[in-house]
Each structure stands twice: as structure tokens, then as C-alpha cells.
Amino acid sequence: MLLYGADSFAKVVKECAKASGREVYFIFDDFKRDLQLDNTPVVGPYNKEFNVNEPILIGVEENLLRKTLVSKIEHAFTSVIHPQAIISKYVSYLDGTIIFQGAIIQAGTTIGKHCIINIGAKIDFECLISDYVNLGPGSIIGGYAKIEEGVTVGAGAIVSPNIEIGKWAVISPGSVVTENVPEYTVVEGIPAKVVKSLVKTI
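These numbers were taken from a predicted model, which means no experiment stands behind them. (Residues numbered from 1 in each chain as written. Predicted model: local features only at pLDDT ≥ 70, side-chain atom pairs only at ≥ 80, totals over all residues. Heavy atoms only, no water.)

Q: Where do I start with the nonpolar core in this structure?
A: One broad trend across soluble globular proteins is that nonpolar side chains are buried collectively. Counting residues in hydrophobic clusters, the biggest one holds 30 residues, and the most contacted among them are I123, I141, I165 and V177. Residues contacting I141, with those up to four places away along its chain left out, are K122, I123, D124, C127, L135, I147, V153 and V159. In terms of nonpolar packing, the next biggest core, distinct from the first, is built from 17 residues, A10, V13, A17 and I27 among them. (Core = buried A, V, L, I, M, F, W, Y, C linked by side-chain atoms within 4.5 Å. Buried < 20%, exposed > 50% of the residue type's maximum accessible area, 1.4 Å probe, protein only. Contact = heavy atoms within 4.5 Å.)

Q: I keep staring at unusual backbone geometry and nothing clicks. Help me out?
A: Outside of glycine, negative phi angles account for most residues, and trans bonds account for most peptide bonds. Note the cis peptide between I190 and P191, where omega equals -5°. For Y132, which is not glycine, the phi dihedral falls at a positive 65°. Here Y132 is to be found in the loop between β14 (128-129) and β15 (134-135). With phi around 65°, Y144 is a residue other than glycine that occupies positive phi space. Considering the arrangement of structural elements, one finds Y144 in the loop between β16 (140-141) and β17 (146-147). (Helix = DSSP H or I, 4+ residues; strand = E, 2+ residues; numbered from the N terminus.)

Q: What's the story with helix α2 (residues 63-70) in this structure? I'm lost.
A: Side chains that are three or four residues apart share a direction in an α-helix, a result of its 3.6 residues per turn. Among the residues making up α2, those that are buried are N63, R66, L69 and V70. One face of α2 carries all of its buried residues, which in axial projection span an arc of 125°. Buried-residue contacts for α2 involve β1 (2-4), β5 (56-58), β12 (116-117), β15 and β18 (152-153). In this structure E62 caps α2, since a side-chain oxygen of it lies 3.2 Å from the backbone nitrogen of L64. (Arc of directions from axis to C-beta. Polar contact = N/O pair within 3.5 Å; in protein donor to acceptor, adjacent residues only side chain to side chain.)

Q: Just checking my understanding: could you explain the pairing of strand β4 (residues 40-44) for this structure?
A: Within a regular beta strand, the side chains point alternately toward one face of the sheet and then the other, so they alternate between its two faces. The pairing of strand β2 (residues 26-28) with β4 spans two bridges and is parallel. Directly across from I27, in β4, lies its bridge partner V42. The pairing of strand β3 (residues 35-37) with β4 spans three bridges and is classified as antiparallel. Bridging from a neighbouring strand, Q36 pairs with P41 of β4. The turn joining β3 and β4, which pair antiparallel and follow one another in sequence, is formed by two residues; a positive phi near 50° is taken by D38. (Pairing = 2+ DSSP bridges.)

Take it as geometry only, folks, not as evidence of what the structure does.
Below you can see the structure in the form of C-alpha cells.
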């Protein structure tokens, strides 16, 4: 498989792929070339004609950048699931999603494309996780929660059951969300309150 991104997060993604039995043969990066990431060649900016039969995964942590990159990539996308993640057979996820070790995902949950489910993140039953979401390490999503596109849930944050998080919102690390969160806002605290509005970039 191919990987897009050559920073520290991409290194973790590469390890996750290896643990799942996949091998990253080459890496694209728009700002780096002629180097290696843990002995894997970084070949420079994306090239749609390079190893066209190999699937690709975007190893970039920032949600909006992942979405931007998707629009220019013509290779088929793949997903990587660490073997130490615990995932119900009644969970579905789309291409481009990465699920790291220690994640627990319960029955009936649906995960969109190009999501990041970090180490130790827990998603209870019947949740809807939309595209380009990033769930931080140790975060907890209660049952029947709905997480809209592009949301970032910080490390250790808790989203209570039946909560809806509006698109591109940011849940600060350690926060406890007990009420619905408007789109394009930053919330923090226990209980979490809106502390900032974000510019609607898309």
C-alpha cells in the first residue's frame, strides 16, 4: 500500500498498518522528498501515475487537510485496523478510516470515510460517526451519539449518550459534553460550554 504524509503521525499510521499485516512501500509528501520514513522511501508530491494498482491511505491528522487531499487523489483508498482494536461485527466503516490499538467500538455504530479513531477511544452502541472525524486518545462517545463531519474530539473527552455534535466542531481535551454542540464551535469544560466560534471554511 501507499501512504500520504511523512510526519510523526504518519509514522504511527505506518506502524498500525504493519501490525495489521499490511506493508507501506512508498510515501507521498508535498514538502519532503529524497528521504525515508523508517526505511520506507518518501517519493515526493502525490503522483496519480505512480504504482496505480496500490491502494493509498492518508496519514494526516488534521481533518480539513485530509478532506482537501482526498479531492486530488485518484488511487483507490484503503483502511487500516489495528488487530488490538475491539470492534463488533455489527460495525461498519468506510475507506480511508484508521482505527488504532485499544479502540473499542460497539454494535450498530457506523463510521464514515477518512476518520481517525485513536488509541483507547471508545464508541458505544448505535453511534453515527460521519466523515473526517478525529476521536482523540481515550475519548468516549456514548450510545446513540451523532458526530457530524469534521468533528475533533480531544483526548480524554466524553460525549454523553444521545448527543449531537455539529459539523467541524472541536471538543477540547478532557471536556464532558452533556448538551448538543453547534456546528463550527469550540467547547470545553465540565460540563462543556461554547468558548469560541470558528470560521466556516467549507
